[in-house]
Amino acid sequence: GDSVTQMEGPVTLSEEAFLTINCTYTATGYPSLFWYVQYPGEGLQLLLKATKADDKGSNKGFEATYRKETTSFHLEKGSVQVSDSAVYFCALKYGNKLVFGAGTILRVKS
Amino acid sequence: KAGVTQTPRYLIKTRGQQVTLSCSPISGHRSVSWYQQTPGQGLQFLFEYFSETQRNKGNFPGRFSGRQFSNSRSEMNVSTLELGDSALYLCASSQITPGNTGELFFGEGSRLTVL
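Residues numbered from 1 in each chain as written. Chains lettered and ligands numbered in written order. Predicted model: local features only at pLDDT ≥ 70, side-chain atom pairs only at ≥ 80, totals over all residues. Heavy atoms only, no water.

A.B. asks: Before we go on, may I ask you to explain the overall build of chain B in this structure?
C.D. replies: Of the regular secondary structure elements, chain B holds zero helices and eleven strands. Going from N to C terminus, chain B has its helices and strands arranged as β-β-β-β-β-β-β-β-β-β-β. Its C-alpha radius of gyration of 14 Å places chain B within 12% of the 13 Å reference for a compact globule of 115 residues. Principal axes of the C-alpha set define a box for chain B whose edges measure 45 × 25 × 25 Å. Counting across all 115 residues of chain B, residues that qualify as buried make up 49%. (Helix = DSSP H or I, 4+ residues; strand = E, 2+ residues; numbered from the N terminus. Rg over C-alpha atoms; globule rule 2.2 N^0.38 Å. Buried < 20%, exposed > 50% of the residue type's maximum accessible area, 1.4 Å probe, protein only.)

A.B. asks: Explain the pattern of salt bridges here, please?
C.D. replies: For side chains bearing opposite charge, pairing can occur when the charged atoms are close. Within the structure shown, the criterion is met by ten salt bridges over all chains. As a salt-bridge pair, D55 of chain A and K52 of chain A come within 3.3 Å of each other at their nearest N and O atoms. For E108 of chain B, the salt bridge goes to R9 of chain B, with nearest N and O atoms at 2.9 Å. A residue pair is termed long-range when its members are at least 10 positions apart, and E108 of chain B in the loop between strand 10 (105–106) and strand 11 (110–114) and R9 of chain B in the loop between strand 1 (5–7) and strand 2 (10–13) qualify at 99 residues. The partly exposed category is assigned to R9 of chain B, whose relative accessible area is 28%. Beyond isolated ion pairs, a larger network of salt bridges with shared partners links R63, E82 and D85 of chain B. (Salt bridge = Lys/Arg side-chain N within 4 Å of Asp/Glu carboxyl O.)

A.B. asks: What exactly am I supposed to notice about the sheet that holds strand 9 (residues 75–77) of chain A here?
C.D. replies: Strand pairing in a sheet relies on backbone hydrogen bonds. The paired strands run either parallel or antiparallel. Residues and elements named next belong to chain A. One open sheet holds the four strands; their spatial order is 3-9-8-7, and the pairing between them is antiparallel. Looking at strand neighbours, the two that pair on one side only are strand 3 (19–21) and strand 7 (56–59), the edges of this open sheet. Taking each pair of neighbouring strands and ignoring which way they run, the sheet shows an average axis angle of 15°. (Pairing = 2+ DSSP bridges. Axes fitted to C-alpha atoms, helices over the stretch in contact; angles between N-to-C directions.)

A.B. asks: For this particular structure, what's the right way to read the interface of chain A and chain B?
C.D. replies: Interface extent is often summarised as the accessible area lost during association of the parts. With 16 residues of chain A at the interface, the matching set in chain B holds 21 residues. Surface buried jointly by chain A and chain B totals about 1,500 Å² across both partners, of which 54% is contributed by carbon and sulfur atoms. Salt-bridge contacts for K49 of chain A lead to E103 of chain B; the nearest nitrogen and oxygen are separated by 3.6 Å. Scanning the region where chain A abuts chain B turns up three residue pairs in polar contact (both at pLDDT 80 or more). Mapped onto the side of chain A that touches chain B, the elements with two or more residues apiece are strand 5 (32–38), strand 6 (44–50), strand 10 (86–94) and strand 11 (97–100) of chain A. (Contact = heavy atoms within 4.5 Å. Buried area = accessible area lost by both parts, 1.4 Å probe. Polar contact = N/O pair within 3.5 Å; in protein donor to acceptor, adjacent residues only side chain to side chain.)

A.B. asks: For this particular structure, what's the right way to read the packing of aromatic side chains?
C.D. replies: Think of a pair of aromatic rings as described by two things: how far the centres are apart, and how the planes are tilted against each other in angle. Counting across every chain of the model gives twelve aromatic pairs over all chains. Judged by centre distance (6.1 Å) and plane angle (85°), the rings of F89 of chain A and F100 of chain A are edge-to-face. A residue pair is termed long-range when its members are at least 10 positions apart, and F89 of chain A in strand 10 and F100 of chain A in strand 11 qualify at eleven residues. With centroids separated by 5.5 Å and ring planes inclined at 65°, the aromatic side chains of Y35 of chain B and F45 of chain B adopt a geometry described as edge-to-face. With Y35 of chain B in strand 4 (residues 31–38) and F45 of chain B in strand 5 (residues 42–50), the pair connects residues that are ten residues apart, well separated along the chain. Classification of Y35 of chain B by relative accessible area gives buried; the value is 0%. Here the aromatic cluster, defined as three or more aromatic residues joined through ring pairs, consists of F34, Y36, F89 and F100 of chain A together with Y35, F45 and F106 of chain B. (Phe/Tyr/Trp six-rings, centres within 6.5 Å; stacked < 30°, edge-to-face > 60°.)

A.B. asks: Help me understand the environment of V114 of chain B, please; the structure alone is not making it clear to me.
C.D. replies: All names here are of chain B. Mapped onto the fold, V114 is located in strand 11. With 28 residues separating them in the primary sequence, V114 and S86 have C-alpha atoms 5.3 Å apart. Those residues in contact with V114, other than ones at most four positions away along the chain, are K13, T14, R15, L81, E82, L83, D85 and S86.

A.B. asks: Would you explain the sheet that holds strand 8 (residues 74–78) of chain B in this entry?
C.D. replies: Residues and elements named next belong to chain B. Strand order in the open sheet formed by four strands is 1-3-8-7, with antiparallel pairing between adjacent strands. Edge positions in the open sheet fall to strand 1 and strand 7 (64–68), since each of these has one partner strand only. Averaged over all pairs of adjacent strands, the angle between their axes in this sheet comes to 15°, without regard to strand direction. With five bridges connecting them, strand 3 (residues 19–24) and strand 8 associate as antiparallel partners. Bridging from a neighbouring strand, S22 pairs with E75 of strand 8.

A.B. asks: Is there a simple way to think about the side chain of S33 of chain B in this case?
C.D. replies: Here S33 of chain B shows up in strand 4. Look past the residues within four positions of S33 of chain B in its chain and what remains in contact with it is N96 of chain A together with F45, F47, E48, L90, C91, A92 and L104 of chain B.

The values are spatial; any link to function lies outside them.
Written out as structure tokens, the structure is:
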């Protein structure tokens, strides 16, 4: 079945460090791919998305490129801030159903 | 534009009881989905409703049920509660239009604790 695998956390970085969170997927066909972020005590917010191969999603300094050949959708940010501390979820979507990865906790120290 | 509203935000029940959670989608959104979030299992899809019909269902026992009303509001019900049902229940709404990538907008969730 469809699945998403994310790198395990927590990931702890100093402010202004470079961030990469790896995400790979297994799916039949060509799903849309998403990154969602969850801040403490809140629901999920869409961070960025890509709907076809080679698309790059970007938002708030975060980027991810849909790589069909490696079935990956890695999340990157050039310079993280303390306010980026949250849980990040990679997800694929077929129809109107999302399949999520396990989530990666990001902690940014000042 | 108001976001997805879920009520109640927190509730505590005992084993064997039942619970009903409510979700009001973003105005104009006709699709409502429910997800269960637990530390052990992560985020798991429960079901999706569109125009009052269940279109998709996850792998949960029949104790979990839902419905959608004509105004697109949705409720989910869990009967005969078990300790393992303690979780954050998230509702998401989306528009369904041709070519729409179907972005899901999530509410803040209802946190259920079963004692």
